Structures are given as structure tokens and as C-alpha cells.
Amino acid sequence: MEITPVEKIRADFLRPITPGNFGKTSRYWVIGLTLLLCWGIFAYIYQLRTGLEATAMRNYVSWGLYISTFVFFIGISHSGTLVSAILRITNQEWRRPITRSAELLTAVALMFGGIMPIIDMGRPDRVANMVIFGRVQSPLLWDIMCITTYLTGSLLFLYLPMIPDIALCKERFAKTGSTFRLWVYDKLAMGWKDTPENWRRLERAMRVMTVMIIPIAVSVHTVVSYIFAMTLRAGWNSTIFGPYFVIGALYSGSAGVILTMSAFRRIYHLEEYITPRHFDLMSKIVLSLTMIYAYFNLNEYWVPAYKMESHDGILLSDLFSGGWSTVFWILQFGTVLLPIVILAIPRGRKPVGATIACIIIVAGAWVKRYVIVIPTLLHPFLPIQNVPASWSSYFPNWVEFSVTGGALAGIFLVITLFSKFFPIASIWEVEEGVHLAKKGLVIPGINTQNGADDRSSADHSNHKPIPAVQEAFAK
Amino acid sequence: MEEEKKSNRRKFLQLTVVSGAAIATGAGLRNAFSEPNSELAKSQNAGESVHALTASGDLVQVDTAHARAVVHHPVTNDEARTGIAGKRFVMVIDLAKCDGCKKCTVACQKMHFTPKDREWMKVFEMQDSETTPSYWMPKPCFHCDNPPCTKVCPVNATFKRQDGIVLIDNERCIGCRFCMAACPYSSRFFNWERPVETPEMALTPYSPEQGYPRRVGTVEKCDFCPDMIRQGKMPGCISACAMKALYFGDENEDAVTNSDGETVRLSTLLEQNAGYRYMEDLGTKPRVYYLPPKNRRYPKPDLDHAASGHAAVKS
Ligand code: SF4
Ligand code: SF4
């Protein structure tokens, strides 16, 4: 019996989450991550007991790795919005197999990003004061408002298109799944019945969310930048920090999407769905964002460097030719210009090239956040005089590395566990894409409703065999 | 539970002896007064009792062994947040007189039990440009009138009072250190470690006006000694200055006083000496004025031997 494309898609995407399909490597990977996470939690408990003295931060560098990581994680979380929302709005057909992993990365990075400032707090026991005595005039409150809104939004954005897939999982694993698993599916499917009315509502909710999530995402990184830009400090006192941070977030976030694509493609053998064409198109997006980012970098450094105004001048000399120059120039040439070169040549946009370029971008983005936070704190207006040596320099110590490493492991862990529990791509959307391709309806602006109705009629008998799948994605 | 215990202790510590007779007869208590919070007084005088008035107005009888002299009344949190009515406190620092002896720093540290490395009042060795001579610059918190630090505080733990003073409520601060990042003058310090407290310090009720007992994970800085002002005394640094370089007073009265008790007109002092505020261009409107380092009669600081850090601003 020949299997239909729909059956093949379902089989391919349900395979990784089929109960019992938890290989040895996955097991070691999950155990390893859990250990790292536990070690991070242990380090944090140590920090709680000792006070922030346990970190390398002191009175001049009063923000360190935690706040840099906060900015970095929140930046990565802009991935989902870009890929999903923008590509959805513009009806980019090729988005279908990669939206979910992008949205997942957003939600998880955001969760852990949001934890970082709490880890950084001197008195986490008083976190409720933010609500009891909260002052809306403080940029920190804007952060809390924007990040919680964005987190709610992106969880919804992740969850809504999952509902039909969860219903499918519930049906497929009714016999094989554990009670717990079925209970989760049952609750999350929210009584999805596959009726036209169900589909109509889902489509409408998705349309609203897609439009809303974009301005919310922009607001988030803008107010993150305000934590710095609203101060008078040299290097932070900048009017372009809002857009600079937003573009920096999109640049690192979209690179993050390529990395998730690349990982899931290999691990779950999705080569048929996530094709070189996806890498090529995503790479072009990353390329243009990197170029815009380079342009912002130029503005951020060159404009004050031309004037060399007193305190900005001291900071810039230190960045350009002082103690920070090595890392500064590695960042500018190595993690901004080099990826542009790699991604500009067609071979660099193949899966391997794009993955390498994006690893460089993501790592560079993290270090860049650090180089935004620390040098400014080390260049106060009044000279640093007669202070203990530990105050006048900074490098994160084992506690900070452990806690941050734990958070990173946490991100990987949640993504891994998610991908073992729920389909890592939106099955129904991929199927819909096949239907549209078959009907010749892959034209921007056409309402995808048709495909949905088609699917809900549950008439799969007249589908073309397997080649249709490749046809839809490998063009 | 913890809160309750604290407030009981506070009530207890606010006991004020009213009865003159009690003081006359209670020799032991006098001892306790002369040696506030002394463990010695406690052990010697157990058994005697005196009348005392609580802050709420009740007359109570207490054992002298438990009586502690009240150095001053800690004001309520509301009072500490409003400030002293009708006042606008200012400080004037005469750089021509300061010889960098750092007596102000030491006095401040003693008064506020600050750890050695934390200088609320810090004396910098400054050199504005390569061609101008270096000079000493004592720097407290400027208690800015447009304070970048209080603007950013998410919980209103640091605040500006009507008398001009900027304070921190260490029992509300969440330790986000946003104010430290925002203060352009590095005036703020963080309690990174768990504070080491003497039994006396632990017994003192907390008030934002004196800033101790310290709380781990919160921010502290120069507070212009509002507790001293309430007692009609000068801030610690002012009285300690051997060169009479520091003046403190009230802008509304247009008068400032130095350690010698010499009171001068603020406006005249600033006018005749070309008084200025540090980094006026930032628009923070400091409440601390400087008089330029002209005609100094002490050797200039030896910047070559200054500790780490580049020497001030080179313009
Ligand atoms: S000197 Fe700094 S801490 Fe003091 S009021 Fe001004 S900004 Fe705030
Ligand atoms: S550290 Fe404390 S005082 Fe400073 S901004 Fe945060 S909560 Fe306010």
C-alpha cells in the first residue's frame, strides 16, 4: 500500500516523539544537561548564602556576566518573532517546517533571560517589592512589563498552532503513550475537534497574535537597552541604543534559528523538510540583518570617535587601542564582518557554511553584550583611586560561570524535552503547504484557509504520493 | 514573626526616661547612659528598676539591666522619607584649604561603622589637565536635585527628600544596583558581603537616616548625616575637618558653617570664590559646591604615586 504524503509527514514528525523512542545518546545528553543545571543551581544557592560577594562583581563593575547574559538571552528570543510572525504575515510558504522551532527558541530563551536579573538581584527575597512599591518611572518596570507581555504572547504564539498537532498526538499515542503523557495531551488539546469552526477560530487567533507579537518584540529589546541608555554613563548615554539593541537582537536571534534548524535537521533526520533552500533563504535574512547591524555599529562607535568628547574619548581609546582592543576588533571583524563574507557567497549559505557563520554570530553576540556592559562600568567619570584591586577589574568567577552555564543548559534541556514530547514542526501547517502546492495555490496573499478546510474534511485519499512533499519544499 | 520581634525591640529601645527622681536614684542607669549599650552596665545593675516613657506615651517600669540609653530617636520611615521641614541642606568644599588628610573619611567611617574599603566621603587626587597642578578633592554624595539614581529605582527604595537629602531605605532595596549604574559620580556602594555587626549595632533600630545596621544585598552611600542634623549637630566629616575646608548649612538660611563654628553667608562665599558644582554640564544639579583650589598653602598631591586609575579627566 502506498502511503500518502500526509501519512509520511506525520510519520516523520511523530517519530522522534513516539514513546520509547528515547535513544542512548539522547539519554546521556539529557542527563548531562540536568547535571549542569543542578551544578548551576548549587552555585546559585551558594551565592544566596554568601551574598553577591560570591561573584566577582564589586563596586565599580556592579553589573557583570548576569546582566550581559540577560541582554543576550532576550536578544536570542527575538528569533521566533522574526521567522514566524514576519514570514507568516508575508505568506512565505517555506516558513512552514521551521516556525515551531523558532517559536520554541523564543519562549525558552525568554524564560531563562527573564530569570537572569533575578539571579543578579542582591535581595531576591524582596522580589515582591517590585509589585508592592513598583515605580512605573523606572526602566526596570518597563522591562518587567514588556518581558512578561512578550513571554505570554510568545507562549500563546507557540501554543496556538500546536493545538491541532497535540490532538493528533493524543489520537496517535492513545495506546502506546503513558498515562501522564496522554493526560498532558488531553489537557493541552483543549477538546480540539477538527471542525471547520475550530479551524476558523485558530486562524483568527493566529492572525491577531502574528500582528501583535511584532511590536511587542520590538518594545522588549528597546526597553532592555533603556536600562543602559537612560543613564549618563559614557558609552551608554546614546540615542541609538533602542534600535541598535533591536537590530542586534534580530541578528543574533535569526542566527539562533539557523542553529536550531541545523540541529533538529540532523538529529531528527528532517533533511527532506528542512532543505538547503531553507538555509539559503534564512542565511539571506541573517546576512541582511548582519549588514544593518554593522551599519549601527559604525554609527555607535564612529560618530563619538570622530569627536572624542572627554569621557567618551577615554572609553573609546580603551576599546580601540587599550586593554579591550583585542576583543573589540575580534568582535568587529571576526563576528560581524566575517559572517557577512561567509553568508555573501552561495557556498556559505549551504547548511554547513550557514551553521558555522551562525555559531560565530551567536558567540560574538554574547561577548558583544559583555563588551557593552563592562568597559563602561570600568570608566566612571571620577577616577578609580585607592581601591582594592578587585574593584578596578572584572572577570566572572566560577559562581557566575556555573550559574550562567546552568541557565544555558536549562535552555537546551527544555528545548530537548519539548522536542521529545511535541512535534518539532507544525505538522498541519506542513501538510497545508503540500495541499496548497498541489492546488497551485502557493501565491502570496491567498488565504490559507482553503488548505485548512481541505484538511479538516479528512479526505486524504486523492493526495499525490511522496514526491509532492519534496516538491513543496525543495523548490 | 521576625517583624514582630523587631518592632517589639524597637519599642523597647525607644524607652525614654522621664522621671528625674529615677535618674537621681538610679545611679546604675546613669552608668548605662554614660556607657550606652554597654554589656558591663547590664551585668552590674540588674535588679534596680526605673520609670520610663515609651515612644507611644506609656509610662512603664523597667529593670535597669534592660535599660539602654537612647542616643537619639530613630524617626519613623515616613519622617525619614519626608525630611526636615523648611530646610535645604548644602555642603561647600573649599579645595583651596583641603590638604588631603582624609580626616573626613575616617570620621565618616567611624560614625557609620563602614568597612575600611568603603569611603562614603572619598578624597580624590585630581588633575584636570596636564598643565594644571593637581589638587585634593573630597567627594561625598552630591545629593543631586535632579538625581539620576532615584529616577531609576524600581521600588522607590532610594528617594529625594524635601530638605534636599537623597537617602536609601535598606529594608526596601531589592539590590538591583540600577542606581549604582545610574549615579555618574560613583557615590554608591553595595553590601556584597554579609555585614559584620557588633552587638551594639545589632541592637540599634534601623532607620534610613543612619543607614545601619547594614543589610546584605542593598546599596548605601553618604547620607549627609540626617540623624546628626536632627540633634542639632554637624555631619561627621564637617566637624572632623582640621583645615576647616568643609562647610555645611541650609540654603534657605543662606548660611553655612565649618568645623571651627565659623558661619558664613553661602551666597557671598560662592560669589567671592567662584564656587562651582562638579560636572555641572550633566544637569544633575548637585547640592555640593566646590571652591576652586587657588592659593593653596600645602604641597600638591603626588599623582605619580597615586594608586590605580587614570588621573581624572584629561580634556
Ligand atoms: S551623587 Fe550619585 S548617588 Fe548622590 S544624589 Fe547624585 S546621582 Fe545620586
Ligand atoms: S539597588 Fe536598591 S536603591 Fe538602588 S535602584 Fe535598586 S532597589 Fe533602588
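As the structure is a computational prediction, the values presented were derived from the model and not from experiment. (Residues numbered from 1 in each chain as written. Chains lettered and ligands numbered in written order. Predicted model: local features only at pLDDT ≥ 70, side-chain atom pairs only at ≥ 80, totals over all residues. Heavy atoms only, no water.)

A word on the overall build of chain A
Right, so step 1: A tally of helices and strands in chain A yields 19 helices and zero strands.
Right, so step 2: Seen through its principal axes, chain A has C-alpha atoms that stretch 80 × 50 × 45 Å.
Right, so step 3: Across the 475 residues that make up chain A, the buried fraction comes to 59%.
Right, so step 4: Long-range contacts, defined here as pairs at least 24 residues apart, represent 82% of the contacts in chain A between residues at least 6 apart.
Right, so step 5: Accessible surface computed for chain A: about 19300 Å², of which carbon and sulfur atoms make up 69%.
Right, so step 6: With 41 positive and 30 negative side-chain charges, chain A shows a spacing of 2 Å between the two charge centroids. (Helix = DSSP H or I, 4+ residues; strand = E, 2+ residues; numbered from the N terminus. Buried < 20%, exposed > 50% of the residue type's maximum accessible area, 1.4 Å probe, protein only. Contact = heavy atoms within 4.5 Å. Areas by Shrake-Rupley, 256 points an atom, 1.4 Å probe, with all protein chains shown as cover. Lys, Arg positive; Asp, Glu negative; His and termini not counted. Charge placed at Lys NZ, Arg CZ, Asp CG, Glu CD.)

Some thoughts on the interface of chain A and chain B
When the parts come together, some accessible area is lost, and that loss is often what is quoted as the size of the interface.
Right, so step 1: With 47 residues of chain A at the contact, the number on the chain B side is 54 residues.
Right, so step 2: A combined buried area of about 4300 Å² lies between chain A and chain B, and 58% of that area is made up of carbon and sulfur atoms.
Right, so step 3: Here chain A is connected to chain B by one salt bridge.
Right, so step 4: Breaking the side of chain A that touches chain B down by element, the ones donating at least two residues are helix H2 (24–50), helix H6 (129–132), helix H7 (139–159) and helix H13 (310–321) of chain A.
Right, so step 5: For the side of chain A that touches chain B, the residue count by class is 23 nonpolar, 16 polar and eight charged. (Buried area = accessible area lost by both parts, 1.4 Å probe. Salt bridge = Lys/Arg side-chain N within 4 Å of Asp/Glu carboxyl O. Nonpolar A, V, L, I, M, F, W, Y, C, P; charged D, E, K, R; others polar.)

Some points on the pairing of strand S10 (residues 246–250) of chain B
Residue and element names in this part refer to chain B.
Right, so step 1: The buried fraction of S10 is high, at five of five residues.
Right, so step 2: Burial of the side chains of S10 extends over both faces: Leu246, Phe248 and Asp250 are buried on one face and Tyr247 and Gly249 on the other.
Right, so step 3: Bridging between strand S3 (residues 89–94) and S10 involves five bridges; their strand directions are antiparallel. When the bridges of S10 are listed, isoleucine 93 appears paired with leucine 246.
Right, so step 4: The pairing of S10 with strand S11 (residues 255–257) spans three bridges and is antiparallel. (Pairing = 2+ DSSP bridges.)

Describing the confidence of the model for chain B
All names here are of chain B.
Right, so step 1: Here chain B averages 81 in pLDDT, while 76% of its residues score no lower than 70.
Right, so step 2: Contacts from residues 1–44, a stretch scored under 50 in pLDDT, to residues over four places away or in other chains number 58 contacts.
Right, so step 3: Here residues 307–315 scores under 50 on pLDDT; set against residues more than four positions off or in separate chains, the count is 24 contacts.
Right, so step 4: Prediction confidence for the complex, expressed as pTM and ipTM, is 0.85 and 0.88 respectively. (pLDDT = per-residue confidence, 0-100.)

Looking at the site of ligand 2
Right, so step 1: Residues in close proximity to ligand 2 include Cys153(B), Pro154(B), Val155(B), Ala157(B), Thr158(B), Cys173(B), Ile174(B), Gly175(B), Cys176(B), Arg177(B), Cys179(B) and Val219(B), which together make up its full environment.
Right, so step 2: A per-class count over the shell around ligand 2 returns nine nonpolar, two polar and one charged. (Near = heavy atom within 4 Å.)

Remarks on the site of ligand 1
Right, so step 1: Every one of the 13 residues lining ligand 1 counts as a neighbour, but Cys141(B), Phe142(B), Cys144(B), Cys149(B) and Cys183(B) are closest to it.
Right, so step 2: Tallied by class, the residues present in the shell around ligand 1 amount to nine nonpolar, two polar and two charged.

Section: the side chain of Arg118(B)
Residues and elements named next belong to chain B.
Right, so step 1: With respect to the helices and strands, the residue arginine 118 is situated in the loop between helix H6 (103–111) and strand S4 (122–126).
Right, so step 2: On the accessibility criterion, arginine 118 (2% relative accessible area) is buried.
Right, so step 3: A distance of 2.7 Å separates a polar atom in the side chain of arginine 118 from a polar atom in the side chain of asparagine 191. (Polar contact = N/O pair within 3.5 Å; in protein donor to acceptor, adjacent residues only side chain to side chain.)

Brief notes about the pattern of salt bridges
Right, so step 1: Inspection of every chain in the model, using the stated rule, returns 37 salt bridges over all chains.
Right, so step 2: Where Arg349(A) meets Asp280(A), a salt bridge forms, and the shortest distance between an N and an O atom there is 2.8 Å. Of this pair, Arg349(A) sits in the loop between helix H14 (325–344) and helix H15 (351–377) while Asp280(A) sits in helix H12 (residues 276–307), and the two are 69 residues apart along the sequence.
Right, so step 3: Residue Arg349(A) is classed as buried on the basis of its relative accessible area, which comes to 11%.
Right, so step 4: As a salt-bridge pair, Arg81(B) and Asp169(B) come within 3.7 Å of each other at their nearest N and O atoms. Here Arg81(B) is found in helix H5 (residues 77–82), whereas its partner Asp169(B) is found in the loop between strand S7 (166–168) and helix H8 (178–182), with 88 residues between them in sequence.
Right, so step 5: Each member of the salt-bridge network shares a partner with another, and the members are Arg88(B), Asp145(B), Lys160(B), Glu251(B) and Arg287(B).

Considering the nonpolar core
Right, so step 1: Core analysis: the biggest nonpolar cluster contains 200 residues, and Trp63(A), Phe228(A), Trp236(A), Met91(B), Met137(B), Tyr185(B) and Tyr278(B) have the highest contact counts within it.
Right, so step 2: Judged by nonpolar contacts, the second largest core, of nine residues, contains Val90(B), Val92(B), Leu266(B) and Leu270(B). (Core = buried A, V, L, I, M, F, W, Y, C linked by side-chain atoms within 4.5 Å.)

Here's the deal with the packing of H13(A) against H14(A)
Two numbers describe a pair of packed helices, the interaxial angle and the distance between the axes.
All names here are of chain A.
Right, so step 1: Between H13 and H14, the least distance of the axes is 5 Å, while the angle of their chain directions is 75°. Classed by the angle they form, the pair H13 and H14 counts as roughly perpendicular. Facing Asp318, Leu319, Phe320 and Ser321 of H13, the residues of H14 in contact are Ser325, Phe328 and Trp329.
Right, so step 2: Here the contact of H13 with H14 is composed, by residue class, of four nonpolar, two polar and one charged. (Axes fitted to C-alpha atoms, helices over the stretch in contact; angles between N-to-C directions. Parallel < 35°, antiparallel > 145°, perpendicular 65-115°, else oblique.)

A closer look at H12(A)
Right, so step 1: The first and last C-alpha atoms of H12(A) sit 46 Å apart over 32 residues, in line with the 46 Å expected at 1.5 Å per residue.
Right, so step 2: One or two positions beyond H12(A), positive phi appears at Met308(A), with a value near 50°. (Expected span 1.5 Å × (residues − 1).)

What about a nonpolar patch on the surface?
Residues and elements named next belong to chain A.
Right, so step 1: Where nonpolar side chains cluster on the molecular surface, the patch consists of Trp39, Phe42, Tyr46 and Trp398 and spans about 430 Å² of accessible area.
Right, so step 2: Top contributing element to the nonpolar patch by residue count: H2, with three residues.
Right, so step 3: With respect to the element layout, tryptophan 398 can be found in helix H16 (residues 398–419).
Right, so step 4: Owing to a relative accessible area of 42%, tryptophan 398 belongs among the partly exposed residues under this scheme. (Patch = residues over 30% accessible without salt bridge, like charges linked within 9 Å, V, L, I, M, F, W, Y side chains within 5 Å.)

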